[in-house]
Structure formats: C-alpha cells, structure tokens
Amino acid sequence: MADNEKLRELREKAMKLPLTPGVYIMKNKHNEIIYIGKAKKLKNRVSQYFGSQNGHSTKVRKMVENVRDFDYILTDSEFEALVLECSLIKQNMPKYNILLKDDKGYSYVKITRGDYGRISACFRKDDENADYLGPYTGNFSVTNAVSQASEIFRLPTCNKVFPRDIGKDRPCLNFHINRCAGVCAGKISKKEYEENLSQAVEFLIGGSSAVISSLKKQMELCAENLEFEKAAKIRDKIRSVERIMSRQKVVIDGSTNEDVFAIAQRGEKACLAVLSFRDGLLSSTEHFIIDNSENLSELRSELLSSFYSMERQIPPLIVLDGEINDSELLSEWLTEKRGKKATVLVPQRGEKAKVSAMCLNNAAQKLGEYLGRSGKETAVLDELAKILGLSHTPEYIESYDISHTAGSDNVAGMVVFRNGTPYKKAYRRFAVKGFDGQDDYGSMREVISRRLNRYVEEKDSGEGFGILPDLILLDGGQGQVNAVKPVIEAFGFDIPVFGMVKDSKHRTRAIAHDGGEIAINSQRRVFTLVSQIQEEVHRFAISYHKSKHIGRSVSTTLTAIEGIGEKKAAVLLKHFRSLKAIGEASVGDISAVKGISSRDADAVYNHFHKQQ
C-alpha cells in the first residue's frame with residue numbers, strides 16, 4: 001500500500017476538488033493511467049479512496065497501493081461524465097477498470113472495397129482497402145453470421161478473383177445448389193452483385209427483420225413497375241432469410257430484440273454471460289471471465305457501460321439479473337447512443353425472469369468450467385445466495401448438529417460443503433464439555449464459540465479452522481439461530497446463520513431466519529442441496545455420538561472389574577479391539593498385554609467366564 005504520508009498527500013489534494021461532476025484519472029509511479037472513474041461529486045468520490053482502507057474491496061485496495069497521482073476533468077453533468085469515462089477507458093484500457101476480454105479475442109466483419117467486394121470474418125484490421133464491422137467478441141458468432149449472409153444473398157466464398165476470373169471456368173457446386181449466383185460464369189451482372197453485397201451488409205448490421213422489411217418494400221415496388229422477374233428474385237431472397245432464421249430455436253415469443261445479462265460469482269472470479277435475441281431468436285451468446293467485486297450492483301453497471309462502449313448494436317430492451325448503480329443515467333446514455341429509447345429491465349417474474357435465469361445458468365456453467373467445477377454446483381449456490389439474500393455466493397458452508405442420549409454423551413458434528421460438495425477433510429467433531437444434561441442451545445453456543453476461538457488462533461494458516469465460513473447452517477429452527485447469533489456478534493464477525501427446519505418425518509422443510517421460515521420446496525436444486533447438508537451433518541453427529549456412547553459403555557464394563565481402571569481398560573480395548581475378543585482370550589493372552597499383571601489377567605478372565 002502507498003505509505004501513510006503519500007495517502008495523506010493524495011487525500012489533501014482530493015479534498016480540494018470541487019463538488020461537481022467529472023472524471024478522475026488515477027496514475028502509477030510511471031505516470032501510466034491505471035484507473036478511470038466518474039463521479040457526481042468529485043471531491044466526495046475521490047477522497048474516499050485515500051481514507052481508511054478497511055471498507056474497500058481487495059481490487060480497490062490493490063489499485064490504491066499503486067496510485068501516485070491523479071488528474072481530473074470537470075463536466076457539466078453526470079451524464080457527460082459517463083460519456084467521457086467510457087471514451088477514455090476505451091482509449092487507454094486501464095489495468096484496474098473492468099475490461100471485457102475473453103479467451104476468444106475480438107473479431108470483425110471485413111468488407112473489401114472495389115469491384116466485386118467480399119465479406120469475411122477476421123481477427124484484426126489489416127487491410128486499408130477494406131471497411132470493417134465490429135469489434136465483436138466470439139469468432140463463432142461472426143463466422144456464422146457471415147456464412148448465413150453469404151448463403152442468403154448468394155455471394156461467392158471461393159478463392160477466385162473477380163472480375164479477373166469471370167468466364168474462365170465452369171461454376172462450382174455452390175451455384176448448382178443455389179448458394180452462389182455464379183459470378184465466375186457471368187450469371188449475374190455487376191450491378192446485381194453489388195445490390196446483393198449491400199443487402200448482405202444490411203443483414204449483418206440490422207438483422208433479419210430489418211432486411212425482410214426492406215426487401216418486401218423493394219419487391220412491392222418492382223411488382224408495381226411490372227418488373228416481375230426482379231420481384232421473384234427478391235421474393236426468393238426473403239424466403240432464404242426466413243429459411244436460415246427458422247433453423248434456430250425460438251426461445252422467446254414474438255419479434256423481440258433484447259440482450260440478457262447475468263453474472264455468476266466465485267471467490268476472486270466472476271463470469272458475465274450475454275444472450276442476444278434478435279426477432280425472438282437466440283442469435284449469439286458471449287461470456288467473459290473477470291475479476292470479482294464485492295459490490296454486485298456496481299459491477300453490473302461497469303460491465304454494461306463497458307460492453308456497449310464497444311461498437312455494438314444496442315437493442316430496445318436490456319434485461320439484467322439484478323439491480324445496477326446509476327440505472328437512469330445508463331438508460332439515458334444507451335438511449336442517446338442507440339438514437340432511440342433503450343430500456344433496462346430487472347424482471348421479477350414471468351418469461352423475462354425465466355430467460356434471465358437461463359442466462360445465469362450459462363454464466364455459472366462457464367465459470368464452473370473455468371474453475372474446474374461443474375456448472376450445476378455453481379448455479380445452485382447462486383440460487384441459494386439469492387433466496388437467502390446473501391451479498392456473496394456461499395462457497396464455504398459449515399453445518400452443525402447436536403447429538404446426545406437423554407442429556408448424556410453430548411457431542412456435535414461439523415460438516416463442510418465447499419463449492420456445493422462435501423469437503424470431508426474439514427469435518428470436525430466436538431465433545432461438549434461445559435455442562436452435563438440436556439441443553440441443545442447451550443451445547444450449540446459452546447461449539448460455535450470454540451470453533452471461532454480456533455479461527456482466531458489459526459487464521460494465518462488459511463486452512464481448517466483458519467477459514468471463516470461464508471454461511472452457517474444449523475440443524476434446527478429459529479431457537480438454534482437465536483442461540484448462536486450473539487456468540488458470533490461478540491467475536492465481531494458477520495457470518496450469515498440460518499436454521500434447517502424438518503417436518504414430522506424428519507425431512508427438510510424450510511430454512512429458518514429472523515423469526516420466520518423461507519420455503520425452499522419449490523426450488524428443486526436448492527432443496528436438494530440443503531437436504532443433503534442436513535442429512536450429512538445429522539449422520540456425522542449421530543455416528544460420533546454412537547461411537548462415544550458405545551465406548552463409554554464398554555469402558556464401564558471393564559472398569560467394573562476389580563483392579564481395572566480407565567487406563568487399563570483403554571489398554572485392553574486398544575489391544576483386543578472389542579469386549580468379545582477380551583472375553584474369548586486366555587489368561588496368558590491377557591497377561592501378555594503390556595501394563596496388565598497376572599493378577600489383573602485372572603480378574604478379567606474370571607469376570608467374563610463367570611458371566612458365561
């Protein structure tokens with residue numbers, strides 16, 4: 001971190017800023033721009049960076065560590081600040097701004113100029129004699145779109161050069177299956193070819209509905225002018241567009257154009273998934289692996305502005321999986337950039353909410369693949385976080401259960417689920433020591449207190465008890481939650497705690513919190529996970545209690561023999577493993593055990609044989 005003197009210096013400079021909108025530009029010791037942000041009130045926003053670092057996210061703290069100076073630009077409004085911020089980020093690509101890069105890089109649609117121009121997909125602008133559409137992320141989507149446009153408008157995809165190669169060879173198979181107009185054989189005029197190319201570019205820019213609408217107008221005009229042959233060719237193009245688009249699966253009803261965004265989070269990484277629908281059809285999918293942020297609303301806001309800062313078509317509707325910062329400001333910016341109204345929607349129910357959930361599943365799947373985990377596991381944890389109202393996805397879940405027999409042999413089991421699966425290496429058992437008798441609430445308080453004390457002692461290790469859970473689930477209702485919350489608060493920790501409520505048949509029914517219950521029966525995946533956790537912690541606690549209870553009974557049987565105390569009983573059990581084996585042993589076998597005298601051996605042998 002920058003030393004305290006430097007922080008004070010920067011804070012003093014920040015405190016001199018005006019309370020007006022603007023953009024601030026953070027620089028490192030090499031005078032390189034490392035972060036660009038906007039603010040409604042520059043003084044308040046910039047000074048926050050150089051105060052206490054406790055409230056900052058890891059990413060912000062790392063950024064502040066490298067700041068040695070900052071510049072600023074005043075604007076007349078917050079909206080102007082947003083526009084300027086997006087422009088400067090695009091120009092400078094600062095290290096600590098969220099930059100949407102995925103493993104596929106950027107792609108362009110290349111349109112060569114001159115006679116008989118071509119369209120193709122490429123990765124970079126490497127030809128001055130060409131125009132480009134893009135950049136786009138995801139080469140597959142670009143290649144697929146170019147292929148569709150070439151097929152619909154019968155453009156050549158061969159390596160021949162026109163007009164040089166016209167008339168030199170027979171037309172290829174593509175001409176005979178109606179996928180090429182046969183330029184090489186002189187089957188199409190230069191004017192008609194240029195019209196086809198222009199319509200193909202229009203298709204790539206505006207989508208199928210815009211092209212169909214334009215072609216229908218042209219067809220009607222040709223029919224009115226009695227140009228029936230030309231009208232028939234245009235009709236065939238319309239049918240080709242409709243045929244190509246019908247190959248895709250319809251996901252949403254109507255002719256809606258919309259982009260759907262969702263973010264899945266895991267630790268230090270997150271994944272943004274984008275589903276783009278054009279004319280009610282899923283036209284493309286994209287995903288980006290990015291650094292996570294503790295403020296999800298702010299993260300969505302940054303991602304949205306970054307996404308559309310690239311030269312992208314902005315649809316009339318943008319669907320998000322949660323709230324964003326500055327929603328009105330972003331809507332205004334998107335509307336101006338689009339030239340028409342652009343609406344940002346966070347659906348709560350209905351068809352849009354289902355599509356949003358589908359997008360979230362895609363994000364979880366991609367993130368799971370990136371981190372080496374299954375998408376189902378990552379998706380269910382996101383759902384659980386949403387249901388419980390957690391600010392972060394609970395990657396590390398601890399669950400506790402108390403077990404005893406009428407107040408004797410009180411024990412507790414702790415199981416851990418990491419990334420949605422049992423993490424048996426971290427399972428722990430507790431023998432309740434603070435009291436005798438039946439007091440489940442008191443037992444749970446003792447266990448949680450001992451666990452948190454171990455965290456304080458071992459937190460530097462980052463393993464076992466040295467990890468603080470993201471969520472605690474107790475096998476029980478609101479009473480158990482109320483019992484342990486004060487313990488956690490006394491340690492100064494903010495760990496979400498919920499109870500797992502069972503029905504009369506000892507099956508998971510709901511989650512207890514704040515005096516009420518959260519029903520999870522309708523959430524199949526969450527219900528399955530919580531049920532699995534509850535069954536596992538119950539099994540683990542019961543098995544420990546049984547082994548302790550049986551051990552206690554066995555030990556009591558041996559200590560009833562004259563001359564055999566707890567130590568000698570433990571030695572015998574360790575050697576023979578069971579009471580049955582001790583009872584079947586000869587005097588010689590028993591006396592051969594280290595620490596057992598011949599007199600003790602006689603007493604043990606006689607005890608068992610008298611019983612028989």
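Our subject is the structure that appears above.
Trainee: Just give me the short version of the side chain of E383, but keep the residues and values in it.
Mentor: Note that E383 resides in helix α13 (residues 375-388). Residue class for E383 comes out buried when judged on its relative accessible area of 19%. If near-sequence neighbours (up to four positions away) are discounted, E383 is found in contact with Q523, R525 and V526.

Trainee: Tell me about the nonpolar core, and please be specific about residues and values.
Mentor: Formed by 29 residues in total, the largest nonpolar core has its most connected members in V109, I119, F153, L155, F203 and L204. If you list the elements that add at least two residues to this core, you get β4 (106-112), α5 (139-152), α7 (190-206), α8 (208-224) and α9 (228-246). With six residues, α7 is the largest single contributor of residues to this core. Within the second largest apolar cluster, 27 residues are counted, among which are C86, I263, L334 and V346.

Trainee: Break down the sheet that holds strand β3 (residues 69-74) for me, with residues and values.
Mentor: Ordered in space as β2-β1-β3, the three strands form an open sheet in which the pairing is antiparallel. In this open sheet, the two strands that pair with only one neighbour each are β2 (33-39) and β3. Neighbour to neighbour, the strand axes of the sheet diverge by 20 degrees on average, direction disregarded. Against the sheet, helix α2 (residues 42-49) makes contact with β1 (22-27), β2 and β3, and its axis sits at roughly 20 degrees relative to β1, the strand it touches most.

Trainee: Requested: an account of the sheet that holds strand β7 (residues 258-266), with residues and values cited.
Mentor: Spatially, the five strands line up as an open sheet ordered β9-β8-β7-β10-β11, and their pairing is mixed. The sheet is open, and its two edges are formed by β9 (281-291) and β11 (343-345), each paired on a single side. Neighbour-to-neighbour, the strand axes of the sheet open up by a mean angle of 20 degrees, direction not taken into account. The pairing of β7 with strand β10 (residues 317-320) spans four bridges and is classified as parallel. Looking at the pairing, V260 lines up with V319 of β10.

Trainee: Hey, could you go over the pairing of strand β8 (residues 269-278) for me, with residue numbers and the actual values?
Mentor: For β8, the tally of buried residues reaches nine of 10 residues, placing the bulk of the element in the interior. Across 10 bridges, the pairing between β8 and β9 is antiparallel. Looking at the pairing, V274 lines up with E286 of β9. In sequence, β8 turns back onto β9 through a hairpin of two residues, with D279 there showing a positive phi of about 60 degrees.

Trainee: Give a detailed account of the packing of aromatic side chains, specifying residues and quantitative values.
Mentor: Within this structure, the stated rule accounts for 16 aromatic pairs. Judged by centre distance (6.4 Å) and plane angle (65 degrees), the rings of Y35 and Y49 are edge-to-face. Taken together, the residues span a long stretch of sequence, with Y35 in strand β2 and Y49 in helix α2 at a distance of 14 residues. The pair formed by Y35 and Y49 is uniform in burial state, with each residue classed as buried. Consider the rings of Y455 and F493, whose centres lie 5.5 Å apart with planes at 80 degrees: the pair is edge-to-face. Residue Y455 is found in helix α14 (residues 440-458), and its partner F493 is found in the loop between α15 (478-490) and β17 (497-502); the two are separated by 38 residues along the sequence. In this structure Y455 comes out as buried when scored by relative accessible area, which is 15%.

Trainee: Before we move on, can you summarise α15 with the specific residues and values?
Mentor: The terminal C-alpha atoms of α15, which comprises 13 residues, lie 19 Å apart, in line with the 18 Å expected from a rise of 1.5 Å per residue. Most pronounced at V484, the bend in α15 amounts to some 25 degrees, and the proline P486 follows within four residues. What α15 keeps buried is the set Q478, Q480, V481, A483, V484, V487 and I488. Tucked into the core, α15 has its buried residues touching α14, β16 (471-475), β17, β18 (508-513) and β19 (516-519).

Trainee: Tell me what's going on with the environment of A363, and back it up with residues and numbers.
Mentor: Residue placement: A363 occurs in helix α12 (residues 350-371). A363 sits in the buried class, given a relative accessible area of 0%. In this structure the C-alpha to C-alpha distance between A363 and A270, which are 93 residues apart in sequence, comes to 8.5 Å. When sequence neighbours within four positions are dropped, the list of residues in contact with A363 reads A262, I263, A264, C271 and A273.

Trainee: How would you explain the pattern of salt bridges if you had to name every residue and give the values?
Mentor: Two side chains bearing opposite charge may form a pair once their charged atoms approach each other closely. Throughout the structure, instances matching the rule amount to 23 salt bridges. Among the ionic pairs, E258 bridges to K352, the shortest N-O distance being 2.5 Å. Of this pair, E258 sits in strand β7 while K352 sits in helix α12, placing them 94 residues apart in sequence. Owing to a relative accessible area of 0%, E258 belongs among the buried residues under this scheme.

Parameters and conventions
Here, residues in each chain are numbered from 1, in the same order as that chain's written sequence. Reporting in this predicted model follows two pLDDT cut-offs: at least 70 for local features of residues, and 80 or more for side-chain atom pairs to be given and counted; totals over whole chains, interfaces and linings ignore these cut-offs and use all residues. Based on all heavy atoms of the structure, the side-chain values leave hydrogens and waters out of the count. Strands here mean DSSP runs of E at least two residues long; helices mean DSSP runs of H or I at least four residues long; both are numbered from the N terminus. Relative accessibility under 20% of the residue-type maximum defines a buried residue, over 50% an exposed one, and the middle range a partly exposed one, all with a 1.4 Å probe and only protein chains included. Any pair of residues with heavy atoms lying within 4.5 Å of one another is described as a contacting pair. Here, the term nonpolar core denotes a set of buried Ala, Val, Leu, Ile, Met, Phe, Trp, Tyr and Cys residues that are joined through side-chain atoms within 4.5 Å. In this description, strands pair whenever DSSP reports at least two bridges between them. For every element, the axis is a line fit to its C-alpha atoms; helices are fit only across the contacting stretch, and the angle between N-to-C directions ranges from 0 to 180 degrees. The aromatic pairing rule takes the rings of Phe, Tyr and Trp, using the six-membered ring of Trp, and pairs them if the centres are within 6.5 Å, calling planes under 30 degrees apart stacked, those over 60 edge-to-face and the rest tilted. For a helix, the expected span equals 1.5 Å multiplied by the number of residues minus one. To get the bend at any residue, fit one axis to the seven residues that end at it and another to the seven that begin at it, then take the angle between the two axes. The salt bridge definition used is simple: a Lys or Arg side-chain nitrogen within 4 Å of an Asp or Glu carboxyl oxygen.

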